[in-house]
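Here is what each chain is made of, one letter per residue.
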Amino acid sequence: MKYISTRGAGLTSGEPQSFSSILLGGLAPDGGLYLPTEYPQVTADELRAWRQLSYAELAAKVLAKFAGDIPAEILADLTKRTYTAEVYRNVRPGEDAADITPLLPLGVEGDTQLSLLALSNGPTLAFKDMAMQLLGNLFEYALAQHGDALNILGATSGDTGSAAEYAMRGKEGIRVFMLSPAGKMSAFQTAQMYSLQDPNIFNLAVEGVFDDAQDIVKAVSNDHAYKARYKIGTVNSINWARVVAQVVYYFKGYFAATGGKSGQDGEVSFTVPSGNFGNVCAGHIARMMGLPIRKLVVATNENDVLDEFFRTGRYRVRKSAETFHTSSPSMDISKASNFERFLFDLLGRDATATADLLKKVEREGGFDLSGSEAFARVAKFGFVSGRSTHADRLATIQDVAKRYDVVIDTHTADGVKVAREALEPGVPMVVLETAQPAKFAETIREALHREPPRPAGFEQLESLPQRFETVPNDVERVKAYIAEHTGL
Ligand SMILES: *Cc1c(COP(=O)(O)O)cnc(C)c1O
């Protein structure tokens, strides 16, 4: 399996790349995103056999389709060490942590079964652990092959940064420099990151807002000499290995929703609380591989750039002032960075057309595909969408608590709200549960007038000692700090 860029490099300006050679990178050299030259297919026999596998075994099978240049036994070892009941232990009472992503049936609605696929049982209680934990082990393996080192630089407003830190802590050859806005994250999120005492994790609290932190990361990334000298890399949501890791749980969720090990194939729909389009992009890839997914339902919050596109064919990037701070903050995006991968498929995998449209986005802030042949493929790919607001979130959290005695987080609530509008009789609907309610206690209190449940071990989180460095909103000071602490 080789990789090309959505904007053409690899086809026109170089050879297609192997999985290992794009693993540590972000964007392709032409500014595009990597995709396989074609989607690997699963046969009916494989689908039947994969039903019987543990999560780790399934992950190794899926990965082998995409990472043929890494020996199968290495992949099996990496996934076995990644997807353990110990790492994904934060399950609901009565659930088996060995399932890694347990399926929680809610009830029958609209003549079909509505369920949650719990993806947030990892160390940071959000679904980003599913991919990031594997990335930690893949990176460590790849760096050891060449005796190399990597300094991961990132900016976070909460979820991504903590998932990256918990995935990379203690990893050989890797250090993490994570910028966060000083005093702007929730007490839970702050404690989650800053309580890490591992010597390879550096939390830098920037005196500014999230955009300031992100601007510093961009400025450092644009200094190519510095980047090369200090082996700076990133782990953002466009990383291809992260997307592949997320393909696995669509298979797992599909098997669970169709009767488990002794079940039979039929169609299943998925609803995905979406921001940067990484998660649902993995669903699209699973469907393109031949997994019988009927619909992929994109759920957005008030930041509805994706919902607008799927309803109208118009893609319009939002300005900062038009980007809302909502109670499902991990979906607060102005543009969806992984959308380009889907766009490439919509445009019939035409890299020139993709590059042209993205240039148009830079020039004019968007494009309009309404009425085009490309937009007609949206339905062919099974995509529909919907939008949810703060009021919807509160009502859905209340309703699910009352009807099913289950407390869901704000992002998952956006998913359930939109899923209910897309139910079809007889087609099981699986909503991806992307975070645990404990992370978003303020909104849970507003909805239910009580504290959300906290998994064991998190009771004292906010009172643990914290380790971080406060830095001014100044690129040069951050660069100097990193230079001093890379050990290079
Ligand atoms: C990151 C995140 C999302 C959005 O996922 P994308 O892959 O960016 O679409 C949704 N919910 C939670 C809790 C998240 O952390």
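The rules behind the values
- Residues numbered from 1 in each chain as written.
- Predicted model: local features only at pLDDT ≥ 70, side-chain atom pairs only at ≥ 80, totals over all residues.
- Heavy atoms only, no water.
- Helix = DSSP H or I, 4+ residues; strand = E, 2+ residues; numbered from the N terminus.
- Buried < 20%, exposed > 50% of the residue type's maximum accessible area, 1.4 Å probe, protein only.
- Polar contact = N/O pair within 3.5 Å; in protein donor to acceptor, adjacent residues only side chain to side chain.
- Contact = heavy atoms within 4.5 Å.
- UniProt positions renumbered as here; feature names shortened; annotations may be inferred.
- Domains from an automatic or database assignment.
- Buried area = accessible area lost by both parts, 1.4 Å probe.
- Salt bridge = Lys/Arg side-chain N within 4 Å of Asp/Glu carboxyl O.
- Pairing = 2+ DSSP bridges.
- Axes fitted to C-alpha atoms, helices over the stretch in contact; angles between N-to-C directions.
- Expected span 1.5 Å × (residues − 1).
- Arc of directions from axis to C-beta.

Attention now goes to the side chain of Ser328. In this structure, Ser328 sits in the loop between strand E11 (314-316) and helix H13 (339-346). According to the relative accessible area criterion, Ser328 is buried, its value standing at 0%. Side chain to side chain, Ser328 and Asn301 meet in a polar contact 3.1 Å long. The contact partners of Ser328, leaving out residues within four places of it in the chain, are Asn301, Arg393, Thr410, His411 and Asp414.

The positions UniProt marks with the feature "modified residue: N6-(pyridoxal phosphate)lysine" (unreviewed entry) are Lys128. Topologically, Lys128 is positioned in helix H5 (residues 128-145). Among the residues examined, Lys128 registers a relative accessible area of 14% and is labelled buried. Excluding residues that lie within four positions of it along the chain, Lys128 makes contacts with Asp159, Thr160, Ala163 and Arg242.

Glancing now at the domain arrangement of the protein chain. For the protein chain, the domain assignment lists domain 1 (3-126 + 240-443) and domain 2 (149-230 + 460-485). Computed from C-alpha atoms alone, the centre-to-centre distance between domain 1 and domain 2 is 26 Å. Contacts between the two partners involve 10 residues from domain 1, matched on the other side by 9 residues from domain 2. A combined buried area of about 770 Å² lies between domain 1 and domain 2, and 57% of that area is made up of carbon and sulfur atoms. The largest per-residue losses of area from domain 1 upon contact with domain 2 belong to Pro123, Thr124 and Lys439, which jointly make up 54% of the total buried on that side. Put simply, domain 1 and domain 2 have 0 salt bridges between them. Linking domain 1 with domain 2 are 1 residue pair in polar contact (both at pLDDT 80 or more).

Below, the discussion takes up the side chain of Ser115. Along the chain, the position of Ser115 falls in strand E4 (residues 112-118). Dropping the residues within four chain positions of it, Ser115 is found in contact with Leu103, Leu104, Pro105, Leu106, Met429, Val430 and Val431.

The residue Ile100 is not glycine, and still its phi comes out positive at about 65 degrees. Within the secondary structure layout, Ile100 lies in the loop between helix H4 (72-82) and strand E3 (103-109). Ile100 gets classed as buried once you look at its relative accessible area, which sits at 2%. The backbone of Leu125 shows a phi angle near 60 degrees, a positive value even though the residue is not glycine. Residue placement: Leu125 occurs in the loop between E4 and H5. On the accessibility criterion, Leu125 (0% relative accessible area) is buried.

Taken in spatial order, the 5 strands line up as E8-E5-E6-E7-E15 in an open sheet, and their pairing is parallel. Pairing within the sheet leaves two strands with one partner each, and these edge strands are strand E8 (232-233) and strand E15 (469-471).

Attention shifts here to the sheet that holds strand E13 (residues 383-387). The strand order E3-E4-E14-E9-E10-E13 describes an open sheet built from 6 strands, whose pairing is mixed. Every other strand in the sheet has two partners, leaving E3 and E13 as the edge strands with one partner each. For this sheet the average axis-to-axis angle between neighbouring strands, irrespective of direction, equals 25 degrees. Where strand E9 (residues 268-273) meets strand E14 (residues 429-433), 3 bridges bridge the pair, whose relative direction is parallel.

What follows covers helix H8 (residues 210-222). For H8, which comprises 13 residues, the first-to-last C-alpha distance of 18 Å matches the rise-based estimate of 18 Å (1.5 Å per residue) to within 8%. Those residues of H8 lying buried are Ala213, Ile216, Val217, Val220 and Ser221. Axial view of H8: buried residues confined to an arc of 135 degrees, hence all on one face.

It is worth spelling out the pattern of salt bridges at this point. Taken as a whole and assessed by the stated rule, the structure comprises 35 salt bridges. A salt bridge links Asp304 to Arg318; its shortest N-O distance comes to 2.7 Å. Taken as a pair, Asp304 in the loop between strand E10 (293-300) and helix H12 (305-312) and Arg318 in the loop between E11 and H13 lie far apart in primary sequence, 14 residues in all. For Asp304, a relative accessible area of 14% corresponds to the buried category. A residue is classified by how much of its surface remains accessible, and Arg318, at 9% relative accessible area, is buried. One salt bridge connects Arg387 with Asp304, and the closest N-O pair in it is separated by 2.8 Å. Taken as a pair, Arg387 in strand E13 and Asp304 in the loop between E10 and H12 lie far apart in primary sequence, 83 residues in all. The class for Arg387 is partly exposed, based on a relative accessible area of 32%. A cluster of three or more residues bridged by salt bridges with shared partners is formed by Asp304, Glu308, Arg314, Arg316, Arg318, Glu322 and Arg387.

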